[in-house]
Amino acid sequence: MEKLSDRDKKHLWHPLTQHKTHSEMLAISKAKGVLLFDEEGKEYIDGISSWYTCMYGHCHPFILERVGNQMQRLDQVVFSGFTHEPAVKLSEELIKILPANQEKLFFSDNGSTATEIGIKMALQYHFNQGEKRNVLLAFEEGFHGDTFGAMSVSGLSVYNGPFEDFFIEVDRIPVPTQDNIESALAQLEIKLKNNNIAGFIYEPLVQGAAAMKIHDADGLDRILALLKNHGVLTVADEVMTGFGKTGKHFASDHLDTKPDIMCLSKALTAGLVPMGLTTCTQEVYQAFYSDDISKGLFHGHTYTANPLACTAALAAVELLQTEEIQENIQNIIQWHKVFDSEIKDHPKVAQTRQLGVIYALDLDIQMERYGNLRDKLFKHFMDEGVFLRPLGNTIYILAPYVTTEIQMNKIYDTIKSALEIV
Ligand SMILES: *Cc1c(COP(=O)(O)O)cnc(C)c1O
């Protein structure tokens, strides 16, 4: 039998990949809990929860059972004109844990569509009220997805060159620090004078794709409050930060000013099936509620609120709130702190940061985002049986909540030994 990685080359085109220079793809044949197993049976600790999706571990039996049962009953149905128990029940359960001002849920099928819909809600909200606001505000180095609206607001458009001429209009502000906040607010006041900013999209507290950069909560709160005073809708992209990663259910829970709109995906369905969700306040919803049909939000995806995805999400929301998972989250936070105290003064470590179970360290060397040294690091981790995916010179850990102390120590040891080879 030909190897999977060889058969793969014939017809497959992978995401974020330059195939001419990329080495062959690693074939994963199964996953269980924290572990991935390749074709040859070698195991890897999934130190980034497969892009922060399977936070409760892979193939969690509780989630599999729930989705398996649902599969026997109802697989898929149109969500325009129809509804079903998994979607209704999920809305009831999510509303209990979302920030208190969130009232309405709009489903889609991935993180980019969740933000795309958030952007469209913000634009149409003003349009429906006869106000012309055609600019979006976003953070420098933000990442919100790869569809056109999402790409436009992403400051971190590493290879978006061919598309930039087609982007929607976006104004950018730096993330708040204790040093820049006064001048940032002053500059923002000037921008707001034009009265043309419809919405502000932001990754609250942690910018994932920008290499887990963490910014100042007080500063963000002040920015959000100022924007709200000027009628700008705030759109929290919690696709990465949602569902426990920051130590609270949502990053917005660390802030006083709650968003008008929230975007969720990734861990929403525990990594089992794709789903996106855009939530909003009653006030936002009200701007679309009208006898005039054209004021509705005419956006829909075929798989909107797929019953299996809703069931996975329901099971995940239940798991998140168990004592066991909440305890594990606190344990990981403590283990990271101990690791940090051991490593932060290492001569090859420039900076470290942590929020909740998200831990990142910057190496004290210049490195290309997809360069050779980055590849060498990646290979070292994989050889050691730990799947970590360095972003440039940043190594970050975002392991499943079910990672044991022994497994976490293995991740830490592999990072320590990596410092010796760079
Ligand atoms: C991953 C991510 C997205 C895009 O989600 P996809 O499902 O990959 O389209 C958007 N925003 C943030 C913050 C993300 O981390």
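Structural data are supplied above this passage.
Our subject in this report is the structure included herewith.

What counts and how
- Residues numbered from 1 in each chain as written.
- Predicted model: local features only at pLDDT ≥ 70, side-chain atom pairs only at ≥ 80, totals over all residues.
- Heavy atoms only, no water.
- Helix = DSSP H or I, 4+ residues; strand = E, 2+ residues; numbered from the N terminus.
- Rg over C-alpha atoms; globule rule 2.2 N^0.38 Å.
- Buried < 20%, exposed > 50% of the residue type's maximum accessible area, 1.4 Å probe, protein only.
- Contact = heavy atoms within 4.5 Å.
- Areas by Shrake-Rupley, 256 points an atom, 1.4 Å probe, with all protein chains shown as cover.
- Lys, Arg positive; Asp, Glu negative; His and termini not counted.
- Charge placed at Lys NZ, Arg CZ, Asp CG, Glu CD.
- Salt bridge = Lys/Arg side-chain N within 4 Å of Asp/Glu carboxyl O.
- Near = heavy atom within 4 Å.
- Polar contact = N/O pair within 3.5 Å; in protein donor to acceptor, adjacent residues only side chain to side chain.
- Nonpolar A, V, L, I, M, F, W, Y, C, P; charged D, E, K, R; others polar.
- Core = buried A, V, L, I, M, F, W, Y, C linked by side-chain atoms within 4.5 Å.
- Pairing = 2+ DSSP bridges.
- Expected span 1.5 Å × (residues − 1).
- Arc of directions from axis to C-beta.

**Considerations on the overall build of the protein chain**
Here is step 1 of the chain: When helices and strands are counted, the protein chain shows 13 helices and 16 strands.
Here is step 2 of the chain: Taking 22 Å as the expected radius of gyration for a compact globule of 422 residues, we find that the protein chain reaches 22 Å, a close match to that expectation.
Here is step 3 of the chain: In terms of overall dimensions, the protein chain has C-alpha extents of about 60 × 55 × 45 Å along its principal axes.
Here is step 4 of the chain: Taking all 422 residues of the protein chain together, the buried fraction comes to 51%.
Here is step 5 of the chain: Put simply, of all contacts in the protein chain between residues at least 6 apart along the chain, 70% involve residues at least 24 apart.
Here is step 6 of the chain: Working note: accessible area of the protein chain is about 19,800 Å², and carbon and sulfur atoms make up 52% of it.
Here is step 7 of the chain: Distance between charge centroids for the protein chain: 2 Å, based on 38 positive and 56 negative side chains.

**Observations regarding the pattern of salt bridges**
Here is step 1 of the chain: On inspection of all chains with the given rule, the structure shows 15 salt bridges.
Here is step 2 of the chain: Linking R66 and E318 is a salt bridge whose minimum nitrogen-to-oxygen distance equals 2.9 Å. In this pair, R66 sits in helix α3 (residues 61-73) while E318 sits in helix α10 (residues 307-320), placing the two residues 252 residues apart along the sequence.
Here is step 3 of the chain: The class of R66 is partly exposed, set by a relative accessible area of 28%.
Here is step 4 of the chain: Among the residues examined, E318 registers a relative accessible area of 40% and is labelled partly exposed.
Here is step 5 of the chain: K213 is the partner of E141 in a salt bridge, and the nearest nitrogen-oxygen pair spans 3.3 Å. With E141 in the loop between β5 (135-139) and α6 (148-153) and K213 in strand β9 (residues 213-214), the pair connects residues that are 72 residues apart, well separated along the chain.

**Quick word on the site of the ligand**
Here is step 1 of the chain: Taken together, the neighbourhood of the ligand is formed by N110, G111, S112, F143, H144, G145, E203, D237, V239, M240 and K266.
Here is step 2 of the chain: G111 places a polar main-chain atom, nitrogen or oxygen, 2.8 Å from an oxygen atom of the ligand.
Here is step 3 of the chain: Here a nitrogen atom of the ligand sits 2.7 Å away from a polar atom, N or O, in the side chain of D237.
Here is step 4 of the chain: Per-class residue counts for the shell around the ligand are 3 nonpolar, 5 polar and 3 charged.

**Here we look at the nonpolar core**
Here is step 1 of the chain: Membership of the largest hydrophobic core comes to 98 residues, with the highest contact counts inside it found for Y56, F200 and F243.
Here is step 2 of the chain: The biggest single contributor to this core is α10, with 11 residues.
Here is step 3 of the chain: Contacts of Y56, omitting those with residues within four sequence positions, involve F243, A267, A270, A316, L319, L320, I325, Y401 and V402.
Here is step 4 of the chain: Grouped together as the second largest cluster of nonpolar side chains are 21 residues, L136, I261, C263 and C280 included.

**Brief notes about the environment of G199**
Here is step 1 of the chain: Relative to the assigned elements, G199 resides in strand β7 (residues 197-202).
Here is step 2 of the chain: On the basis of relative accessible area, G199 is assigned to the buried category, the value being 1%.
Here is step 3 of the chain: Measuring from C-alpha to C-alpha, the distance between G199 and V235 comes to 6.8 Å, with 36 residues separating the pair along the chain.
Here is step 4 of the chain: In contact with G199, not counting residues within four places along its chain, are A122, V135, L136, L137, V232 and L233.

**Let's talk about the sheet that holds strand β1 (residues 28-32)**
Here is step 1 of the chain: Strand order across the open sheet formed by 4 strands is β1-β2-β3-β15, with mixed pairing between neighbours. Single-partner strands in this sheet number two, and they are β1 and β15 (386-387).
Here is step 2 of the chain: Pairing of strand β2 (residues 35-38) with strand β3 (residues 43-46) involves 3 bridges; the strand directions are antiparallel. When the bridges of β3 are listed, F37 appears paired with E43.

**Some points on helix α13 (residues 405-421)**
Here is step 1 of the chain: The end-to-end C-alpha distance of α13, which contains 17 residues, comes to 25 Å, matching closely the 24 Å that a straight helix rising 1.5 Å per residue would cover.
Here is step 2 of the chain: Every buried residue of α13 is listed here: Q407, M408, I411, Y412, T414, I415, A418 and L419. An end-on view of α13 places all buried positions within 155° of arc, on one side of the element. Seen from the open side of α13, the exposed residues pointing more than 90 degrees away from its buried face are I406 and E420.

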